[in-house]
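Coordinates in review
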Amino acid sequence: MSTVVAGASSRDAGAVRPEWDRDAALVGGQWVRPGGRTVTEVENPATETVIGHAADCGVAEADAAIHAAGAAFPGWSALAPTARVAILEGLASALESRYDLLVQTTIAEVGAPLSVAREAHVDTGLAVLRGYLDAARELAWEEHVGNSLVVREGIGVAACITPWNYPFYQVLAKVGGALVAGATVVLKPAELTPLSAYLLADAVVEAGLPPGVFNLVPGRGRVVGEALAAHPLVDMVSFTGSTRVGSRVSAVASETVKRVGLELGGKSASVVLEGADLDSAVRATVDACMLNSGQTCTAWSRLLVHRSDLDRAVAIARERAQGLALGDPTRPETEIGPVASAAQRHTVIGFIERALAAGATLVTGGADRPAGLPVGHYVRPTVLAGAAPDAEIVREEVFGPVLVLEAYDTDDEALAMANGTHYGLAGAVWGPDRAGAVAFARRMRTGQVDVNGGAFNPVAPFGGYRRSGNGRELGRWGIEEFLETKAIQL
Ligand code: NAP
């Protein structure tokens, strides 16, 4: 990605759709072009061509957006929750009317295959927003405790900083909860994937949200992101991204003692207990690990099986990974698209090469470019085994289509292995009986566990233990994240 002057010709400007050719920030309800009139190019990771532009904002635009959000806060937070929900119903409808464009945008800017773009990205994002609206109707906004009236109100100005892997979903997981809570928002989307955030801004304008309630400031993390985290008029930073940057955001935000919500990385284990349906468990784990080219924070990137099941598990995983259709994300039959950027491909390939150099066995895949795909940031779905327990590939997040198989001898050993990284975001347990699997799940130090293929729930709390972050998104927990609590003594 590069920064260019607005209006300058780009590699294939003719292919740029008007909805993807943007050069402004949304500040106080107005589209404002940043000083210097610079834009960043947005690349399609499957074609390596430029398919759009976004404003490259600076500190001045961030500051203006924060002031606009601050000015809008008293009016927005004073509305009854039912009145906010009514306005946000209009936002949900405006997004739903853009469904096909949102799917096309997700395919183009993320490289997600059609079915993944529909279900995992856009459907999930819309379900999360609808889930917030439903939860708002049930939430105890006020209660009496002895002689106190306890009221819950929006925290103020919320800065939302989001990553590129599920850009539409991740933005709504924050912005939906914040707006329902009565907070006002300044959003900085990821530089790689700003286009779906622009579609959200269009929907905000169409739905008639009061000016300044939602502001969009695309730009670089080290410029706009840090300005938001540091700003004294920002009451909360809600960040999703890497543990490294989340730690930096926390440090910057601490100067002004603002609330910080962090949704960070993971290295989640799928644990197959003895006697489980090995075939289903291994296939489902391969699919979940490779979903979105492995660029899922909750990806089950480790598969733990009993030593007596290891050879069979390796064979099933090999067969399943080799059967995944890798290629052009616009083709309906494609299951795995490219990773999001050349830099990400370089990172993933590096992990595979270092794992092999450190003694892991290649079950399938590998660091080579896949045959027949000379263009695009493609990585072969890769399965590794035989890595040492303390190997990088076992402990560190790859964020690519790479699964590592490990063998355990006892359930206690499996638990220690599953809990043995700094992360704690997700996981899975497969067992012959639900009660035993749930008992194991209770002992896992992680924010989400799926038992025997339990499905994602868009209104259940989502978030991490330890270095996977703090705070929770989705459902009522994702609204509470953006609430202050006040006690009025009577
Ligand atoms: P990232 O590099 O940490 O970036 C995330 C966001 O932070 C981007 O908008 C980025 O802007 C911005 N940023 C970068 N440096 C910053 C700084 N110094 N101050 C403030 N903001 C800054 O993460 P990513 O590579 O986009 O995303 C991948 C990571 O996100 C993975 O580790 C993944 O596990 C994690 N993730 C977690 C969850 C969850 O819910 N727990 C969900 C999805 C992803 P630029 O785009 O300009 O760099």
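Sequence order as written defines residue numbering, which begins from 1 separately in each chain. Only residues with pLDDT of 70 or above have their local features reported here, since the model is predicted, and side-chain atom pairs are shown and tallied only from 80 upward, although totals for entire chains, interfaces and linings are computed over all residues. Side-chain figures throughout are based on the complete set of non-hydrogen atoms in the structure, without hydrogens or water.

**Quick look at the overall build of the protein chain**
In this description a helix means any DSSP run of H or I spanning at least four residues, a strand means any run of E spanning at least two, and both kinds are numbered starting from the N terminus. Each helix and strand in the protein chain was counted, giving 15 helices and 21 strands. Note that the radius of gyration is over C-alpha atoms, with the globule rule given as 2.2 Å times the number of residues to the power 0.38. Relative to the globule expectation of 23 Å for 490 residues, the C-alpha radius of gyration of the protein chain, 23 Å, shows essentially globular dimensions. Counting only C-alpha atoms, the protein chain reaches 65 × 65 × 40 Å along its principal axes. Type-normalised accessible area, obtained with a 1.4 Å probe on protein chains alone, sets the label of each residue: buried when under 20%, exposed when over 50%, and partly exposed for intermediate values. Across the 490 residues in the protein chain, those meeting the buried criterion constitute 58%. When checking whether two residues touch, look at their non-hydrogen atoms; a contact exists if any pair is within 4.5 Å. Taking as baseline every contact in the protein chain between residues at least 6 positions apart, the subset at least 24 positions apart corresponds to 73%. Only carbon and sulfur atoms are counted for the fraction: they give 52% of the accessible area of the protein chain, which is about 18500 Å². Counting rule applied: Lys, Arg positive; Asp, Glu negative; His and chain ends not counted. A charged residue contributes its charge at one atom only: NZ of Lys, CZ of Arg, CG of Asp or CD of Glu. Seen as two clouds, the 41 positive and the 55 negative side-chain charges of the protein chain have centres 2 Å apart. Computed with a 1.4 Å probe, the accessible areas rest on the Shrake-Rupley method; for each residue, only the protein chains presented here act as cover.

**A word on the sheet that holds strand β18 (residues 427-430)**
Strand pairing is defined by DSSP finding a minimum of two bridges between the two strands. Read across the sheet, seven strands follow the order β15-β16-β17-β14-β13-β18-β19 without closing on themselves; strand pairing throughout is mixed. Of all the strands in the sheet, just β15 (361-364) and β19 (450-451) have a single pairing partner and so form its edges. Relative to strand β17 (residues 402-408), strand β16 (residues 382-385) runs parallel, the two sharing four bridges. In the strand pairing of β17, Ala-385 is matched with Leu-405. Packing against the sheet, helix α11 (residues 342-357) makes contact with β15, β16 and β17, and its axis sits at approximately 25 degrees to β16. In this analysis an axis means a line fitted to C-alpha atoms, helices contributing only their contacting stretch, and an angle means the value between N-to-C directions, from 0 to 180 degrees.

**With respect to the nonpolar core**
We define the nonpolar core as a collection of buried residues of types Ala, Val, Leu, Ile, Met, Phe, Trp, Tyr and Cys that are connected through side-chain atoms lying within 4.5 Å of one another. Leu-91, Leu-95, Leu-179, Leu-200, Phe-214 and Ile-479 are the most contacted members of the largest nonpolar core, which has 98 residues in total. If one sorts the elements of this core by residue count, helix α4 (residues 114-138) sits on top with 12 residues. Sequence-distant contacts of Leu-200, that is, excluding residues within four places in its chain, are made with Leu-91, Leu-95, Val-171, Leu-172, Val-175 and Phe-214. In terms of nonpolar packing, the next biggest core, distinct from the first, is built from 25 residues, Ala-276, Cys-289, Ile-336 and Val-363 among them.

**Some words on the domain arrangement of the protein chain**
When the domains of the protein chain are assigned, the result is domain 1 (9-264 + 468-489) and domain 2 (269-457). Between domain 1 and domain 2, the contact holds 26 residues from the first and 30 residues from the second. The largest contributions to the domain 1 side of the interface with domain 2 come from Pro-113, Trp-164 and Ser-468, which together make up 24% of the buried area. Each reported salt bridge corresponds to a side-chain nitrogen of Lys or Arg within 4 Å of a carboxyl oxygen of Asp or Glu. Between the two partners, domain 1 and domain 2, sit zero salt bridges. As used in this structure description, the phrase polar contact means that two N or O atoms lie within 3.5 Å; if the pair is within protein, one of them must be able to donate a hydrogen and the other to accept it, and residues adjacent in sequence are counted only when both atoms belong to side chains. Across the domain 1-domain 2 interface, the total number found is 10 residue pairs in polar contact (both at pLDDT 80 or more). Elements that contribute at least two residues to the side of domain 1 that touches domain 2 include exactly α3 (99-110) and α4. Broken down by element, the residue count for the side of domain 1 that touches domain 2 peaks at five residues, all from α4. Domain ranges listed in this record stem from an automatic or a database domain assignment. By convention, the term buried area covers the 1.4 Å-probe accessible surface removed from two parts as they join, with the contributions of both added.

**Here's the deal with the packing of helix α1 (residues 59-78) against helix α7 (residues 221-230)**
Taken N-terminus to C-terminus, the directions of α1 and α7 make an angle of 35 degrees; their axes are 9 Å apart at the nearest point. Crossing geometry of α1 relative to α7 is assigned as right-handed. Side by side, α1 and α7 meet where Val-59, Ala-62 and Ile-66 of the first sit next to Val-223, Val-224, Ala-227 and Leu-228 of the second. Ten residue types, Ala, Val, Leu, Ile, Met, Phe, Trp, Tyr, Cys and Pro, are classed as nonpolar, four, Asp, Glu, Lys and Arg, as charged, and the remainder, Gly among them, as polar. Broken down by class, the residue content of the contact of α1 with α7 amounts to seven nonpolar, no polar and no charged. Here is the rule for handedness: rotate from the far helix to the near one, and if that takes an anticlockwise turn smaller than a right angle the crossing is left-handed, while a clockwise turn gives right-handed.

**Section: the pairing of strand β11 (residues 236-240)**
β11 sits mainly inside the fold: five of its five residues count as buried. Burial of β11 is two-sided: the residues Met-236, Ser-238 and Thr-240 facing one way and the residues Val-237 and Phe-239 facing the other way are all buried. As paired elements, strand β8 (residues 157-161) and β11 share four bridges and run parallel to each other. Looking at the pairing, Ala-158 lines up with Met-236 of β11. When β11 meets strand β12 (residues 259-263), the two strands line up parallel, connected through five bridges. Looking at β12, one finds that Thr-240 is bridged to Glu-263.

**Topic: the pattern of salt bridges**
As enumerated under the stated definition, the model contains 25 salt bridges in all. We note a salt bridge from Arg-130 to Glu-89, for which the minimum N-O separation is 2.4 Å. You can see Arg-130 sitting in helix α4 and its partner Glu-89 sitting in helix α2 (residues 81-96), a full 41 residues away along the chain. According to the relative accessible area criterion, Arg-130 is partly exposed, its value standing at 25%. The exposure class assigned to Glu-89 is partly exposed, which follows from its relative accessible area of 24%. Asp-279 is the salt-bridge partner of Arg-283, the closest N and O atoms lying 3.4 Å from each other.

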